[in-house]
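Given next are the chains, with one letter for each unit.
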Amino acid sequence: MKNLAGKRIAVIGAGVAGLSAAKDLARLGVDVTLVEKSDTLGGRAAGYGCKATERCVKCGACMVVEAVREVEASPAVEIRLSSAVRAVKRNGGHLLTIETKNDSGAESAEERFDAVVLATGFSPYDPSEKPYGYKIFPNVVTNLELEAMIRRLDRVARPSDGEAPKQMAFIQCVGSRDGKLGHLWCSQVCCGSALRMARWVISRRPDTEITFFYIDVQTFGKDFELFYQTVRDEIKMIRMLPGDLYPAPADGIKAVFFDPESRKEAEMVFDMVVLSIGITPGRENGGLASMFGVPANGDGFLAENGNGTDGVFAAGAACGPMSIPDAIQNANNIVQNVVQYLEKG
Amino acid sequence: MATDLELKDGGVADNVVIIGGNACARQIGEKMEARNVPVVYIIRETAAGIQPGANVLEKAGVTDCRGGVGDFTLSVRQNGKRFTQRAGAVVIAENGDLRPDHEAYGLDLSPRVRPLSEIANGDLPDTVRPGESVAVFLHGLARESNPATTRTVMNSALTLARDKDLKTYVLTRNLKVAGNGLEKLYRSAREAGVVFVKFTWTAPEIRCSHQEIQVSFTDEATGVLFTLTPDVAAVDEILAPSPAFKQIQAAFKLRTDSAGFLQADNVHRFPVETNRKGIFAAGPARGLLGEHAWTADAGAAAEALTTVLQGKAPDSAHKAEINRNQCVRCLTCYRVCTYRAVRIDIARPRVIPEACAGCGVCAAECPREAIRFNPYEPSAVSAGIVDARLERSEELFTVAFLCGRSAVPAREQAFRNGWNAPPGLFMIDVPCAGSISVNHLLGAFQAGAGGVLVIGCHPDNCHSENGTLHAKSRIKELQNIFDKIDHPRDRVVSASLAANMDAGFVRIVEEFENRIAGFGAPDK
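These lines cover the structure that appears in this document, whether it is placed above or below. Throughout, residues of each chain are indexed from 1 in the direction in which the sequence is written. Going through the entries in the order they are written, you letter the chains from A and number the ligands from 1. Per-residue local features of the predicted model are confined to residues with pLDDT of at least 70, and side-chain atom pairs are confined, for both listing and counting, to 80 or more; whole-chain, interface and lining totals are unaffected and use all residues. As a rule here, side-chain values cover all heavy atoms of the structure and leave hydrogens and water aside.

### Details of the overall build of chain B
In step 1: Helix and strand counts for chain B stand at 13 helices and 26 strands.
In step 2: The cut-offs for exposure are 20% and 50% of the maximum accessible area for each residue type, with area from a 1.4 Å probe on protein chains only; residues under the lower value are buried, those over the upper are exposed, and the others partly exposed. Counting every position in chain B, which comprises 524 residues, the buried fraction comes to 55%.
In step 3: Across chain B, contacts joining residues at least 24 apart in sequence account for 66% of those joining residues at least 6 apart.
In step 4: Accessible areas in this description were obtained via Shrake-Rupley with a 1.4 Å probe; residue shielding takes into account the shown protein chains only. Accessible area of chain B: about 21700 Å², with a carbon and sulfur share of 48%.
In step 5: Under the convention used here, Asp and Glu are negative, Lys and Arg are positive, and both His and the chain ends fall outside the count. For charged residues, the charge sits on one atom: NZ in Lys, CZ in Arg, CG in Asp, CD in Glu. A distance of 5 Å separates the average location of the 59 positive side-chain charges in chain B from that of its 61 negative side-chain charges. Every helix listed is a DSSP run of H or I at least four residues long, and every strand listed is a run of E at least two residues long, numbered separately from the N terminus. We call two residues in contact when some of their heavy atoms are within 4.5 Å.

### Some words on the overall build of chain A
In step 1: The number of helices and strands found in chain A is seven helices and 18 strands.
In step 2: Based on C-alpha atoms, the radius of gyration is set beside the globule rule, defined as 2.2 Å times the residue count to the power 0.38. Its C-alpha radius of gyration of 22 Å places chain A within 12% of the 20 Å reference for a compact globule of 345 residues.
In step 3: A principal-axis box enclosing the C-alpha atoms of chain A has dimensions of 65 × 40 × 40 Å.
In step 4: Look at the contacts in chain A between residues 6 or more apart in sequence, and 62% of them connect residues 24 or more apart.
In step 5: Summed over its atoms, the accessible surface of chain A is roughly 13400 Å², and 49% of this surface lies on carbon and sulfur atoms.

### So, the sheet that holds strand β7 (residues 89–92) of chain B
Residue and element names in this part refer to chain B.
In step 1: Strand pairing requires that DSSP identify at least two bridges connecting the strands. As summarised here, the arrangement of the five strands in space is β3-β2-β1-β7-β18, forming an open sheet in which the pairing is parallel. The two strands at the open ends of the sheet, each matched to only one other strand, are β3 (55–57) and β18 (279–281). Between one strand axis and the next, the sheet turns through 20° on average, direction left out of account.
In step 2: Here β7 runs beside β18; their pairing, made up of three bridges, is parallel. Bridge pairing in β18 links valine 91 to phenylalanine 280.
In step 3: The axes are straight lines fitted to the C-alpha atoms, using for helices just the contacting stretch, and the angles between their N-to-C directions are given from 0 to 180°. Against the sheet, helix α5 (residues 243–252) contacts β1 (16–19), β7 and β18, and its axis sits at roughly 160° relative to β7.
In step 4: Sitting on the sheet, helix α6 (residues 291–309) is in contact with β1, β7 and β18, with an inclination near 165° to β7.

### What about the interface of chain A and chain B?
Reports often express the size of an interface as the amount of accessible area lost when the parts come together.
In step 1: Counting residues at the interface gives 62 residues for chain A and 72 residues for chain B.
In step 2: Summed over both sides, the interface between chain A and chain B buries roughly 5700 Å², with carbon and sulfur atoms accounting for 48% of that surface.
In step 3: We define a salt bridge as a contact between a side-chain nitrogen of Lys or Arg and a carboxyl oxygen of Asp or Glu at a distance within 4 Å. Our enumeration of links across chain A and chain B arrives at ten salt bridges.
In step 4: Taking the shortest distance from any N to any O, the salt bridge between B:Asp460 and A:Arg55 comes out at 3.1 Å.
In step 5: Whenever a nitrogen or oxygen atom comes within 3.5 Å of another N or O atom, the pair is scored as a polar contact, on the condition that within protein one atom can donate a hydrogen and the other can accept it, and that pairs from neighbouring residues in sequence are kept only if both atoms are in side chains. Along the contact surface separating chain A from chain B lie 35 residue pairs in polar contact (both at pLDDT 80 or more).
In step 6: For the side of chain A that touches chain B, the element with the highest residue contribution is helix α7 (residues 324–344) of chain A, accounting for eleven residues.
In step 7: A per-class count over the side of chain A that touches chain B returns 25 nonpolar, 13 polar and 24 charged. Throughout, buried area stands for the accessible area (probe radius 1.4 Å) lost by two parts on being put together, summed over both. Each residue is assigned to one of three groups, with Ala, Val, Leu, Ile, Met, Phe, Trp, Tyr, Cys and Pro labelled nonpolar, Asp, Glu, Lys and Arg labelled charged, and all others, Gly among them, labelled polar.

### Overview of the packing of aromatic side chains
In step 1: Pairing of aromatic rings covers Phe, Tyr and the six-membered ring of Trp, with a centre-to-centre limit of 6.5 Å; geometry is then stacked below 30 degrees between planes, edge-to-face above 60, and tilted otherwise. For the structure on display, the rule yields 16 aromatic pairs over all chains.
In step 2: Geometrically, the ring pair formed by B:Tyr186 and B:Phe196 is edge-to-face, given 4.8 Å between the ring centres and 85° between the ring planes. Of this pair, B:Tyr186 sits in helix α4 (residues 182–191) while B:Phe196 sits in strand β12 (residues 195–198), placing them ten residues apart in sequence.
In step 3: When its relative accessible area of 14% is taken as the criterion, B:Phe196 is described as buried.
In step 4: Ring geometry for B:Phe217 against B:Phe226: centres 5.6 Å apart, planes inclined by 20°, an arrangement best described as stacked.
In step 5: Among the residues examined, B:Phe217 registers a relative accessible area of 4% and is labelled buried.
In step 6: An aromatic cluster of three or more residues is present, and its members are A:Phe220, A:Phe224, A:Phe227 and A:Tyr228.

### A few points about the sheet that holds strand β14 (residues 213–218) of chain B
Residue and element names in this part refer to chain B.
In step 1: Pairing is antiparallel across the open sheet formed by three strands, whose spatial order is β13-β14-β15. Two strands close off the open sheet at either side, each with one partner strand: β13 (205–208) and β15 (225–228). Each strand of the sheet is rotated relative to its neighbour by a mean of 15°, with strand direction disregarded.
In step 2: Two strands pair when backbone bridges link them, and β13 and β14 are joined in this way by four bridges, in the antiparallel orientation. Paired with isoleucine 206 across the bridge in β14 is valine 215.

### Here's the deal with the packing of helix α4 (residues 190–204) of chain A against helix α5 (residues 224–234) of chain A
Residues and elements named next belong to chain A.
In step 1: The N-to-C vectors of α4 and α5 enclose an angle of 55°; their axes lie 11 Å apart at closest approach. In terms of axis orientation, α4 runs oblique to α5. With respect to the hand of their crossing, α4 and α5 are arranged in left-handed fashion. Packed against α4, whose contacting residues are Leu195, Arg196, Arg199 and Ile202, the element α5 presents Phe227, Thr230, Val231 and Glu234 at the interface.
In step 2: Of the residues belonging to the contact of α4 with α5, the class tally is four nonpolar, one polar and three charged. An angle counts as roughly parallel when it lies under 35 degrees, as roughly antiparallel when it exceeds 145, as roughly perpendicular when it falls between 65 and 115, and as oblique in every other case. With the far helix as reference, a near helix turned anticlockwise by less than a right angle produces a left-handed crossing, and one turned clockwise produces a right-handed crossing.

### A few points about the pairing of strand β26 (residues 492–497) of chain B
Residues and elements named next belong to chain B.
In step 1: Buried residues dominate β26, accounting for five of its six residues.
In step 2: Pairing of strand β25 (residues 451–457) with β26, which is carried by six bridges, proceeds in the parallel orientation. By the bridge assignment for β26, glycine 456 is matched with serine 496.
In step 3: As for the winding sense of the linkage, the β-α-β connection from β25 through helix α12 (residues 467–484) to β26 is right-handed. By convention, orient the strands away from the viewer: a clockwise path from the first strand over the helix to the second makes the crossover right-handed.

### Quick look at the environment of A:Gly293
All names here are of chain A.
In step 1: On the secondary structure map, glycine 293 appears in the loop between α6 (285–292) and β18 (312–314).
In step 2: On the basis of relative accessibility, which here comes to 41%, the residue glycine 293 falls in the partly exposed class.
In step 3: Separated by 13 residues in the primary sequence, glycine 293 and glycine 306 place their C-alpha atoms 8.6 Å from one another.
In step 4: Setting aside residues up to four positions removed in sequence, glycine 293 forms contacts with Leu288 and Asn307.

Right under this line is the structure:
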């Protein structure tokens, strides 16, 4: 293997995949510039809570903290927060115009890199267009908002009054597996996120009644069979998505749905509803695809491995829905491809 | 073959040993050979499919693995001969057993009842007639399936319906579409005429005679009763550890998951690490199915191998060291070391520094206190606590031992969030909660602590696997002593959290401080 010292790589995006790629490339002696548009490292997963009950449930959210610490400590990684790539020129290497926001506006600089890794992540589906009263009913939140609540508060609080919910519902596949939206994909992570959170809530407050509306429960984790058995004991599972949500007294939410067992319309009232919103292609994917000449698929996700022959790679949820462990595995694999590319050059 | 791999100082073996010869193993080998790293395959069967010219030990197995990263010595058995093989790093990509789960449905395999892979390969019974025959996939009914198997089922069903014109049914519970392209494949299969029947609170009844298979069920959506008499039925295959896994596990002293795959179910091992530095598990060896997963693992393994062979993997700052004069060779350290970093040299245990991850569990467990783990020696730590007590004027003085993997990052984030530590609290950062011995705890109480808190990682989330459990058992030990001397047992408290639980950290510390305040300052 050739010595990679002196090679320069730009990693765009400092979420799970970007951090993993940056730290692994840095270990191999490559100079990494990590470009992140927000003002913190960690990406979306940095907002996810630990869902361990009596033991770890293997969601992987804590691994983001570890990756951030390694990247921050690595002398080989130059971190550019509040920054974005504005233009790309191909001239021997990849000449990127990186714009960094600062107190007095923004400044831009042109820098040359030997290869680029796009790890720009996903955009969560906006459920406002669904008949679920999101942003209208105070106690309808998304799974990402519930994750953030667990992360920041270490407890679940109804937005309307800060009280712990007693009757919670999770509605799956909001914006996923949806022909009307043209979202013909499973977001892969929401069953795991929702059911782990549901069990976490029950472990903290065993009297909480939880109902789970779903199409198909997806397998996650190694001991899924056991986990799923417990879930079915603790949680009311209804294999149907509610048609509509209506307001109910005391900031409650009434769900109307076709009950598959009785084959009749039914309704239930909850004091908090969690919408498991889907993973959709990053809003910038289109712009990145044309700027870097990386193909995007018909759904708008970037091609895995990007445009590897030209030194532009893509990794993580920019390429499609993936869990935290999958994004790490994917980034590791992409680093291997980057190294192979650099060795040739 | 010459290597231009940049070796770490003192490294003696610059090669990779790959256990297994499947597609995942071969991809790893090809990637490493492409960068001029010598590769040796050790394969239980013959070397079919491996590129010509590769260095292969076929019909061979490993019986023992000693040493640390950069310098492993494997004992190999081949054709009754025994010899040793050096390795800089090892990756295990051994095949598991794909077992058809027909028994779960009370079926025997027959020309009509076939494992999924045979149907996927187009191997159909002669009795199947295009346009007339019925095919049924019994999928994920006996146990929850996975996207890789669902992909094979849907591809096969699509082919049977579209190309063979069979009436094709997929009977399942939860359809596992959590894989790229699977929702679209599901829709294509339905458009091609495949009927998916999903069961939630009922299950199909399956009967089998010499003449026919009969599958009866009530469609849950309509309540209508159906009976199918398929000409061919495909049953799922379950990936299980092969019998060789046990032997590999014993030879390499690997931690396994609950099923027996060769990687503990611990997020810190993902994707391809094991409990031993420089030994990796990839693809089927860690329980993965599917071409996509194997390819991704092969890349991840090649990346990990490259990193360790260059000595670029992160290493711990501190290493345990055994004092030979104090050691009575009880081998406690050998038993408790998750990383297999203790070797026995002529009946004497010795720490292999390259393998040691610096968790300190051995030092805390050693009944003779014969293991030095600087700078976390109980005497040094206790001296620090005494100084801290002198610096504090608060009546109530408390001590917290914090695991550097979880509690320390959580505290750092809590500080960034604006948290102020209680002024009477002295916090000590340690590499692992398992490094806390009874002496450390007693040292804190002797220095005047009214309470001692130990925070480790959640069970199954410890880098050293059992650090938190070790800490908890020592705390119990001390609590039993407290019971005997009529001292409140809850003055010593253990808790667990993860690195992203800054809010949880604050809650745990507050609860602890309140509890100890309730007991008041200890008697002088």
